[in-house]
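Residues per chain, in single letters:
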Amino acid sequence: MLPVERLQPCWCVGAGCIVHIAVLLPRRYDRDTILSFTPPGIFAAIPTKMTETLSEQEIHRRDSLQKIRAMGIEPFPAAEFPITATSKSIAASFKDDAPQQDVSLAGRVMSIRIMGKAAFAVLRDGEGDQQIYISRDDIAPGEDKAMYNDFFKKLLDLGDFIGVKGFVFRTRTGEITVHVKELTLLAKSLRPLPTPKTDEEGNVFDAFSDPELRYRMRYVDLVVNPDVKETFLKRARIFDAMRKSFQDAGYIEVDTPVLQVIPGGAAARPFETHHNALDMQFYLRIANELYLKRLIVGGFDGVFEFSRNFRNEGMDRTHNPEFTVMELYVAYKDYLWMMDYIEGVFTAVATAANGTPTATFQGKEIHFKAPFKRITMCGSIQEKTGQNVLDMDERALGELCKKHGIEVTAAMGKGKLIDELFSELVQPELIQPTFVMDFPVEMSPLCKKHREDDRLTERFELFVGGFEVANAYSELNDPIDQRERFEAQLKLMERGDDEAMFIDRDFLRALEYGMPPTSGIGIGMDRLVMLLTDNPAIQEVLLFPQMRPEKFD
RNA sequence: GAUCCUGUAGCUCAGCUGGUAGAGCAAUACACUUUUAAUGUAUGGGCCCUGGGUUCGAAUCCCAGCGGGAUCACCA
């Protein structure tokens, strides 16, 4: 940036609007030169007054852009660039004793090392990096050496997209390299990329590491940090593997409403929105459970949905306002069947992500190989406290909580108190995949009562790495029982629990038509991706995590 | 919502008890036809987050605000 005294206002008329551009000008550029860098069409799309300050490097790149045009080279050509090879395919197919292999590939220039009349550069394509070798007399074969001396050496910048044609060889230092015979500019980059470097020992220098900048400008993060790209490739593989498991089992993928009149299926605070034509309030879904069960009523035997859910709650490294849960419902099954089934799915998904069912998370090895350990909720608390919480009343439970340093409020019912004990005493130790079974009835209003003890429900949660990854039920299909459970939730709401569930009358009506016994499960996909990619923050596994709006003033 | 930490060049960071800015990489110029954190020489680049205060003097100390990070609470 340049000192304020050199700030010069310029006016530029775009299509139907006037735009004020304040450009920081170094002395060697006059006003007309600056305007020549910035085609009016760019600003025509911007309806309001804006102020733009350009750094020295950005001004230089705009200058280079003009010079490239002056040479008769189009910096943003329209034509397809035919590609016959990628960084990956070249590495896989190169043989030292084979004849020269002609290739055509394209990518972004990540580094350039010029040594007089020859140069090396690194091209980054969708699959990785490829070193290329450029010699003056190859790309500028005649008398006119401008293509090398001016275009390549001076006007090409790090970050530009180019396409090259040439042949593959191995350099003296042993690196497989493309000897370039023809070089085409495919797109100019007007901003300098961060330039992290890695030495021989793998130490990274000048890493682009500020989380705020990385999340806000994920496009830059993905370009310069290959690990980040790998995380999202794994995320895609995880989703693909899970979807394939369900498809192979014959289950049907469905879409259900995001805009709901009654936000049901979970205990959470919803986002509110407004429908203008109907002039009424809608909520963004907090879960899709009640809709998928309606589909089981309707005769599907197995349905699933990767559901983007929205919850108007805190944001931190394990919570984003929108997140993805996969929910699966299968008719004629129970939660015991679901445990057997889903642990196999987890093994397959973990293997698809990492090539092995063992993942490393924050220094701990986690084994996703089925079968997983199974414990009961009350049994695990009894192991820690010596007390059977099931036989205790609310008052005694409150005392037990206080004894273990848990704050107790009037809004907490029996189920909540037991949940607090579990979260505090047992959950942190559940590193290896563990099914926790048989939750108290008070905390599971959509779940069938246990076949042997009606104080419990047929519910399990899967814990991995110390946090909950999945939650499953033998689904409650008795409409009378369901109505009573909803009414109990209403009482909790009156006590001040602002996350208690609303009564969904249409859902009750659906159950009254009859729902077969069904087992359902919800899997927190973002958390699963965190575990399988060794990322401790949800922001690292969401391409565009929610952030406060950026100020461009 | 509470507490602590933090904001300096395109990137990563120094900058001491106050004396108006430094390094490496990136950029610019020159040299160099198999380098790889290429190398050598030279050069340019800073509203030190914003606003107020203390002071002869503030990147530095104080207050407020705005970003950001971590921990906690709620939650998945």
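Starting from 1, residues in each chain are numbered consecutively following that chain's sequence as written. Written order decides the labels, with chains lettered from A and ligands numbered from 1. Local features in this predicted model are restricted to residues whose pLDDT is 70 or higher, and side-chain atom pairs enter the listing and the counts only when it is 80 or higher, whereas totals over whole chains, interfaces and linings include all residues. Hydrogen atoms and water are omitted, and side-chain values are computed over all heavy atoms in the structure.

Colleague: Go over the sheet that holds strand β11 (residues 259-260), please, and point to the residues and values.
Modeller: Note on pairing: DSSP must find at least two bridges between two strands before they are called paired. Secondary structure elements follow DSSP: runs of H or I no shorter than four residues count as helices, runs of E no shorter than two count as strands, and numbering proceeds from the N terminus. In spatial order, the strands read β11-β13-β12; together these 3 strands make up an open sheet with antiparallel pairing. Of all strands in the sheet, those bounded by a partner on one side alone are β11 and β12 (272-275). In this structure, β12 lies alongside strand β13 (residues 280-284), joined through 4 bridges in antiparallel fashion. Looking at the pairing, His-275 lines up with Met-280 of β13.

Colleague: Report on the packing of aromatic side chains, specifying residues and quantitative values.
Modeller: Working definition: rings of Phe, Tyr and Trp (its six-membered ring) pair if their centres are within 6.5 Å, and the pair is stacked with planes under 30 degrees apart, edge-to-face with planes over 60 apart, and tilted otherwise. Evaluated as defined, the whole model comprises 17 aromatic pairs. Ring geometry for Phe-346 against Phe-368: centres 6.4 Å apart, planes inclined by 5 degrees, an arrangement best described as stacked. Of this pair, Phe-346 sits in helix α11 (residues 335-354) while Phe-368 sits in the loop between β17 (364-367) and β18 (373-376), and the two are 22 residues apart along the sequence. We classify Phe-346 as buried; its relative accessible area is 2%. A 1.4 Å probe rolled over the protein chains alone gives each residue an accessible area, and that area as a share of the maximum for its type sets the label: buried under 20%, exposed over 50%, partly exposed in between. Judged by relative accessible area, which is 1%, Phe-368 ranks as buried. Look at Phe-361 and Phe-467: their rings are 6.1 Å apart centre to centre, the planes differ by 90 degrees, and that puts the pair in the edge-to-face class. Of the two residues, Phe-361 is situated in strand β16 (residues 358-361) and Phe-467 in strand β21 (residues 467-474); the sequence distance between them amounts to 106 residues. Considered together, Phe-361 and Phe-467 belong to a single accessibility category, that of buried residues. Here a set of aromatic residues connected by ring pairs shows up, and it is made of Phe-239, Phe-246, Tyr-251, Phe-304, Phe-306, Trp-337 and Tyr-341.

Colleague: Tell me about the pairing of β21, and name the residues and values.
Modeller: Across the 8 residues of β21, 6 count as buried, placing the element largely inside the fold. Relative to β21, strand β20 (residues 459-464) runs antiparallel, the two sharing 6 bridges. Its bridge partner being in β21, Phe-463 is matched across the sheet by Glu-468. Following β20, the chain reverses through 2 residues before pairing antiparallel with β21; Gly-465 in that reversal takes a positive phi of roughly 65 degrees.

Colleague: Let's hear about unusual backbone geometry: which residues, and what values?
Modeller: The residue after Ala-370, namely Pro-371, is reached through a cis peptide bond having omega 0 degrees. For Pro-371, the position within the fold is in the loop between β17 and β18. One non-glycine residue, Asp-438, lies in the positive phi region at around 65 degrees. Looking at the element boundaries, Asp-438 is found in the loop between β19 (434-437) and β20. On the accessibility criterion, Asp-438 (10% relative accessible area) is buried.

Colleague: Lay out the pattern of salt bridges with the relevant residues and their values.
Modeller: Definition used for salt bridges: Asp or Glu carboxyl oxygen within 4 Å of a side-chain nitrogen of Lys or Arg. As enumerated under the stated definition, the model contains 35 salt bridges in all. Measuring nitrogen to oxygen at the nearest pair gives 3.3 Å for the salt bridge that ties Asp-63 to Lys-67. One end of the pair, Asp-63, and the other, Lys-67, are both in helix α3 (residues 56-70), 4 residues apart, so they sit about a helical turn from each other. For Glu-305, the salt bridge is made with Arg-285, and the minimal N-O distance between the two is 3.2 Å. Of this pair, Glu-305 sits in strand β14 (residues 302-310) while Arg-285 sits in the loop between β13 and α10 (289-297), and the two are 20 residues apart along the sequence. Members of the salt-bridge network, linked through shared partners, are Arg-214, Arg-218, Asp-221 and Glu-540.

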